[in-house]
Amino acid sequence: MKSTVYITRKLPDEIINKLSQYFHVRMWKEENIPVPREILLKEIENIEGLICLLTDKIDEEVIRKAKQLKIISNLAVGYNNIDVQAAAKKEIIVTNTPGVLTETTADLTFALLMAAARRLVNASDSVRNGEWGAWSLMQHTGQDIFGATLGIIGLGRIGEALVKRANGFDMNVLYYNRTRKLEKEQELGIHYSELKDLLQQSDYVCLMLPYSPDVHHLIGKEELSLMKQSAILINTARGGIVDEEALYEALRNGDIWAAGLDVFEQEPIPMDHPLLSLSNVVTLPHIGSASVKTRMRMAHLAADNVVKVLYGGDAPITPVYQCVKV
Ligand code: NAP
């Protein structure tokens, strides 16, 4: 008897064909619209495998409805959209896609840093809008990157990949992490710093840690007030880590210089969100891992986790750490 796998968004044929060799595959066929909650709640009842995206809230209610679900395969490395404890209680395996997106996300994070530092979006817009005018000394002036101090909060896979890019720009790198990594300090030439010191000393603060309720609004009014007036905050981790109201105030009042944001508390960000009214913010639509090759690698890994567990009866390739039952 073939198991049934439900996919919450249209995926490329290559992935569907792979899964169809082993399973009955059902799929929400829209590419840009998330599966409506009522459909997800219905579909979950009679499937063995679920492949979902970070936009799908797989909470206790969804998990409770599942009668024969064995694996939730998240097509992302962050898995704060899934109630892992609720899944573990029902012995449902949860997997994510770590590693395959590390370099691509580090590339984007550094690109965002550079765009915010050198005001690339404003400068580009001015050309298109016919506002170039005569060359003038202080027009579109930004902040230097070469030789500046980068503070990374969350030195995991992507944080580490970011250090390699920063080293090419001769940056002094500070990091703050839940666990101090002495070996990495030697290997990468970086320095551990308490959060407060990192915020005070850095020219660029990059958030690279996973979201959990423990780090909700980790960067709020007080933390922003510690940063230099010339500093730039980059967030490619998760929106909930930053108090957006406090960030708006800090940017508007010139308490910090700029921000580069790929992630927001609500995605898509509402069009009337105050942050969108500021010219010193670069906003992106959560595209950290968005290269063709990487997105395909992520989709293959998500599919392979399901094949391993449901077809092979094996352990998943990349389980989320809390869920140990196979
Ligand atoms: P990772 O390898 O698990 O690294 C996360 C690091 O954060 C670990 O070193 C961890 O410390 C540290 N950390 C966890 N909680 C912390 C806390 N409360 N305070 C300080 N440090 C803490 O993950 P990754 O692959 O680098 O990915 C990081 C995050 O980036 C993901 O969770 C995801 O949310 C985000 N992301 C976004 C995009 C995008 O498209 N924008 C793409 C990929 C990833 P320990 O060493 O103690 O565990």
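Above this note sits the structure.
In this text, all values refer to a predicted model and were calculated from it rather than measured experimentally.

Novice: Summarise the nonpolar core; cite the residues concerned and give the values.
Specialist: Counting residues in hydrophobic clusters, the biggest one holds 51 residues, and the most contacted among them are Ile51, Leu150, Ile152 and Tyr204. In terms of residue count, the dominant contributor to this core is helix H12 (residues 292-311) (eight residues). Composition of this core by domain shows at least three residues from each of domain 1 (4-100 + 292-322) and domain 2 (102-283). Residues within four places of Leu150 in sequence aside, it is in contact with Leu113, Ala166, Met171, Asn172, Val173, Leu174, Ser202, Tyr204 and Cys206. If you look at the next biggest cluster of nonpolar residues, it comprises 31 residues, including Leu198, Leu199, Leu224 and Ile269.

Novice: Lay out the site of the ligand in plain terms, naming residues and giving numbers.
Specialist: For the ligand, the set of nearby residues contains 26 residues, the closest of which are Ile158, Arg178, Thr179, Thr236 and Asp262. Between Gly156 and the ligand, the recorded distance is 3.4 Å, taken from a backbone N or O atom to an oxygen atom. Thr236 places a polar main-chain atom, nitrogen or oxygen, 2.9 Å from a nitrogen atom of the ligand. A class-by-class count of the residues in the shell around the ligand yields 11 nonpolar, 10 polar and five charged.

Novice: Which residues make up the sheet that holds strand E1 (residues 4-7), and what values go with them?
Specialist: If you walk across this open sheet you meet the five strands as E2-E1-E3-E4-E5, and the pairing is parallel. Since the sheet does not close on itself, it has two edges, and those belong to strand E2 (24-27) and strand E5 (93-95), each with one partner. Here the average twist between neighbouring strands, direction ignored, is 15°. Relative to E5, strand E4 (residues 71-74) runs parallel, the two sharing three bridges. Residue pairing for E5: Ile72 is matched across the bridge by Val94. Here helix H1 (residues 13-20) sits on the sheet and contacts E1, E2 and strand E3 (49-52); the angle it forms with E2, its principal contact strand, is near 145°. H12 contacts E1, E3, E4 and E5 of the sheet and is inclined by roughly 165° relative to E4.

Novice: Give a detailed account of the pattern of salt bridges, specifying residues and quantitative values.
Specialist: Under the criterion given, the structure shown has 15 salt bridges. A salt bridge links Asp304 to Lys18; the shortest N-O distance between them is 2.6 Å. On the criterion of sequence distance, the pair formed by Asp304 in helix H12 and Lys18 in helix H1 is long-range, its members being 286 residues apart. When its relative accessible area of 25% is taken as the criterion, Asp304 is described as partly exposed. Of the charged contacts in the structure, one is a salt bridge between Glu43 and Arg26, with a shortest N-O distance of 2.6 Å. With Glu43 in helix H2 (residues 37-43) and Arg26 in strand E2, this residue pair connects regions lying 17 residues apart in the sequence. Exposure remark for Glu43: the relative accessible area of 15% places this residue in the buried category. Among the charged side chains, a salt-bridge network with shared partners connects Glu103, Asp107, Lys164 and Arg165.

Cut-off values and rules
- Residues numbered from 1 in each chain as written.
- Predicted model: local features only at pLDDT ≥ 70, side-chain atom pairs only at ≥ 80, totals over all residues.
- Heavy atoms only, no water.
- Core = buried A, V, L, I, M, F, W, Y, C linked by side-chain atoms within 4.5 Å.
- Buried < 20%, exposed > 50% of the residue type's maximum accessible area, 1.4 Å probe, protein only.
- Helix = DSSP H or I, 4+ residues; strand = E, 2+ residues; numbered from the N terminus.
- Domains from an automatic or database assignment.
- Contact = heavy atoms within 4.5 Å.
- Near = heavy atom within 4 Å.
- Polar contact = N/O pair within 3.5 Å; in protein donor to acceptor, adjacent residues only side chain to side chain.
- Nonpolar A, V, L, I, M, F, W, Y, C, P; charged D, E, K, R; others polar.
- Pairing = 2+ DSSP bridges.
- Axes fitted to C-alpha atoms, helices over the stretch in contact; angles between N-to-C directions.
- Salt bridge = Lys/Arg side-chain N within 4 Å of Asp/Glu carboxyl O.

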